[in-house]
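Results of the structural survey
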Amino acid sequence: MDIGKVGVIGAGQMGNGIAHVFALSGYDVLLNDISDKALDTAIERIDANIERQVARGKVTEADHAAAMKRISKTMDLAELGRSDLIIEAATENEALKCDIFRGLVPHLSEHTILASNTSSISITRLAAVTDRPERFMGVHFMNPVPLMQLVELIRGIATDEPTYTSLINVVEKLGKTSASAEDFPAFIVNRILIPMINEAIYTLYEGVGTVRSIDTSLKLGANHPMGPLELADFIGLDTCLAIMNVLHEGLADTKYRPCPLLVKYVEAGWLGRKTKRGFYDYRGETPVPTR
């Protein structure tokens, strides 16, 4: 089907990035959140991020202006129902996501495709709470969305071929690359990445290395652009813990047990960059390790 109007649920880091790339690619975007302030902040951030692309010569001023005109906002979930494609990018919480999809169902057009940007939760289970599991998929963008090339596409057990083909075409139109993953906990990227981060936290917890030495070792020894603890702070320690819990519960393997130190940081509200403290303290001019 021809997709022209896209709804995005959630105006946080992922949601505003998704709205950004769709608007720049010519889609009309309706951005939804429960907070009007969050919506305004997201639109300001999109504007500033595209302006940075203009400054680097990646985008023209005309394309910047046109993209911003394509983005509108709403706090009313029902208004999204006229969209051709709706992408949910709310917090990584299955109950919350299910509530959102249940709330959407009465307002949907017959042809609307539903998608979740979940990084770990079963697409089949999310699809089952809707009236259209055959037109439901996982569309997992990487963070930060405007910069990262990959989009994981995950079919639930009922997803039909036209839906899958439509979303392959959408990803291509966005100028990104799709990778198909089966509907198992955490899919491909996070099935590999988050346990690595969890192991780095165990390495810190057991005193094998300090925050600084662990990150330096992976950056210089494995040629990673970011150390695993620095990356955990960037992702959000609450998100890392949520994904580890999905892996641990879904696969019933002790190798996916979340490190107690990760749990402790989340309990303290030290979630990384977004709260100014995680494995690093970001409240000063330069980040300082907290352990």
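Residues numbered from 1 in each chain as written. Predicted model: local features only at pLDDT ≥ 70, side-chain atom pairs only at ≥ 80, totals over all residues. Heavy atoms only, no water.

An unreviewed UniProt entry annotates the chain as 3-hydroxybutyryl-CoA dehydrogenase of Paroceanicella profunda.

Quick look at the pairing of strand β6 (residues 136-141)
Quick reminder of the rule: Buried, partly exposed and exposed residues are distinguished by accessible area as a fraction of the type maximum, computed with a 1.4 Å probe on protein chains only: under 20%, between the cut-offs, and over 50%, respectively. Every helix listed is a DSSP run of H or I at least four residues long, and every strand listed is a run of E at least two residues long, numbered separately from the N terminus. Whether a crossover is right-handed comes down to one check: with the strands pointing away from the viewer, does the path from the first strand over the helix to the second run clockwise; if it does, it is right-handed. In this description, strands pair whenever DSSP reports at least two bridges between them.
Here β6 lies mainly inside the structure; six of its six residues are buried. Both faces of β6 are covered, namely the face carrying Phe136, Gly138 and His140 and the face carrying Met137, Val139 and Phe141. You can see the chain leave strand β5 (residues 113-116), run along helix α5 (residues 123-128) and come back into β6, and the turn it takes is right-handed. Where β6 meets strand β7 (residues 150-155), five bridges bridge the pair, whose relative direction is antiparallel.

Topic: a negative patch on the surface
Basically, it comes down to this: For patch detection, residues must exceed 30% relative accessible area and be free of salt bridges, and they are connected within 9 Å for like charges or within 5 Å for nonpolar side chains (Val, Leu, Ile, Met, Phe, Trp, Tyr). Areas reported as accessible are Shrake-Rupley estimates using a 1.4 Å probe. Residue values count occlusion only from the protein chains shown. Here, a salt bridge means any Lys or Arg side-chain nitrogen found within 4 Å of an Asp or Glu carboxyl oxygen. For the purpose of charge, His is not counted, nor are the chain termini; Lys and Arg are scored as positive and Asp and Glu as negative. Where a charge lies is defined by one atom per residue type: Lys uses NZ, Arg uses CZ, Asp uses CG and Glu uses CD.
A surface patch of negative charge is lined by Glu44, Asp47, Glu51 and Glu61. When residues of the negative patch are assigned to their parent elements, the largest contribution, three residues, is made by helix α2 (residues 36-55). Along the chain, the position of Glu51 falls in helix α2. Residue classification places Glu51 among the partly exposed residues on the basis of a relative accessible area of 33%.

Brief notes about the domain arrangement of the chain
For clarity, the threshold we go by: A domain assignment, automatic or from a database, supplies the domain bounds used here. A contact between two residues is defined here by any heavy atoms of the two lying within 4.5 Å. As a working definition, buried area equals the accessible area (1.4 Å probe) given up by two parts on being put together, with both sides summed. When residue character is reported, Ala, Val, Leu, Ile, Met, Phe, Trp, Tyr, Cys and Pro are called nonpolar, Asp, Glu, Lys and Arg charged, and the others, Gly included, polar.
Along its sequence, the chain is organised into domain 1 (5-182) and domain 2 (190-289). A straight line from the C-alpha centre of domain 1 to that of domain 2 covers 27 Å. Listed per partner, the contact involves eight residues of domain 1 and five residues of domain 2. Summing the contributions of domain 1 and of domain 2, the shared interface buries around 540 Å²; its carbon and sulfur component is 58%. Linking domain 1 to domain 2 there are zero salt bridges. When its residues are assigned to classes, the side of domain 1 that touches domain 2 shows two nonpolar, five polar and one charged.

Quick notes on the UniProt feature "binding site: NAD(+)" (unreviewed entry) in the chain
We count it as follows: UniProt positions are given in the numbering used here, feature names are shortened, and annotations may be inferred rather than shown by experiment. A pocket here means an open set of points on a 1 Å grid, computed over the protein atoms alone, that has protein on both sides within 12 Å along at least five of seven lines. A cavity is instead a set of points where a 1.4 Å probe fits but cannot get out; residues with an atom within 4 Å of a point line either one.
In the numbering used here, UniProt assigns the "binding site: NAD(+)" (unreviewed entry) feature to Gly10, Ala11, Gly12, Gln13, Met14, Gly15, Asp33, Glu92, Lys97, Ser119, Asn143 and Lys274. Those annotated residues that line the second largest pocket are Glu92. The buried category is assigned to Gly10, whose relative accessible area is 9%. With sequence-adjacent residues up to four places away left out, Gly10 is seen in contact with Gly15, Asn16, Leu31, Asn32, Asp33 and Ala89. Within the secondary structure, Met14 sits in helix α1 (residues 13-24). On the basis of relative accessible area, Met14 is assigned to the buried category, the value being 18%.

Concerning the environment of Ile154
Following the sequence through the fold, Ile154 ends up in strand β7. For the pair Ile154 and Thr112, spaced 42 residues apart in sequence, the C-alpha to C-alpha distance is 17 Å.

As for the nonpolar core
Counted only if it meets this: Throughout this description, the term nonpolar core refers to a set of buried Ala, Val, Leu, Ile, Met, Phe, Trp, Tyr and Cys residues connected via side-chain atoms within 4.5 Å.
By size, the foremost hydrophobic cluster in this structure holds 38 residues, and its most contacted members are Phe22, Leu85 and Phe141. Counting residues per element, this core draws most heavily on α1, which supplies six residues. Not counting chain neighbours up to four residues away, the residues in contact with Phe141 comprise Met14, Ile18, Val21, Phe22, Ile87, Asn117, Leu150, Val151, Leu174 and Lys176.

Re the side chain of Lys97
In plain terms, the rule: Whenever a nitrogen or oxygen atom comes within 3.5 Å of another N or O atom, the pair is scored as a polar contact, on the condition that within protein one atom can donate a hydrogen and the other can accept it, and that pairs from neighbouring residues in sequence are kept only if both atoms are in side chains.
Within the element layout of this structure, Lys97 appears in helix α4 (residues 94-104). Within polar-contact distance, the side chain of Lys97 engages the side chain of Glu88 at 2.4 Å. In this structure, Lys97 is in contact with Glu88, Ala90, Thr91, Glu92, Ser116, Thr118, Ile121 and Leu126, ignoring residues within four places of it in sequence.

A short note on the UniProt feature "domain: 3-hydroxyacyl-CoA dehydrogenase NAD binding" (unreviewed entry) in the chain
Those places that UniProt annotates as "domain: 3-hydroxyacyl-CoA dehydrogenase NAD binding" (unreviewed entry) correspond, in this numbering, to residues 5-182. A helix fraction of 40% and a strand fraction of 22% characterise residues 5-182, whose end C-alpha atoms lie 27 Å from each other.

Focus: helix α11 (residues 260-268)
Threshold: Starting at the helix axis, one direction is taken to each C-beta atom, and the arc is that of these directions.
Among the residues of α11, Leu261, Leu262 and Tyr265 are the ones counted as buried. Here the buried residues of α11 occupy an arc of 105° about the axis, which is enough to place them on one side. In α11, the exposed residues that point more than 90 degrees away from the buried face are Lys264 and Glu267. Elements that come into contact with the buried residues of α11 comprise α7 (189-205) and α10 (237-251). Trailing α11 by a residue or two, Gly269 shows a phi angle of about 80°, which is positive.

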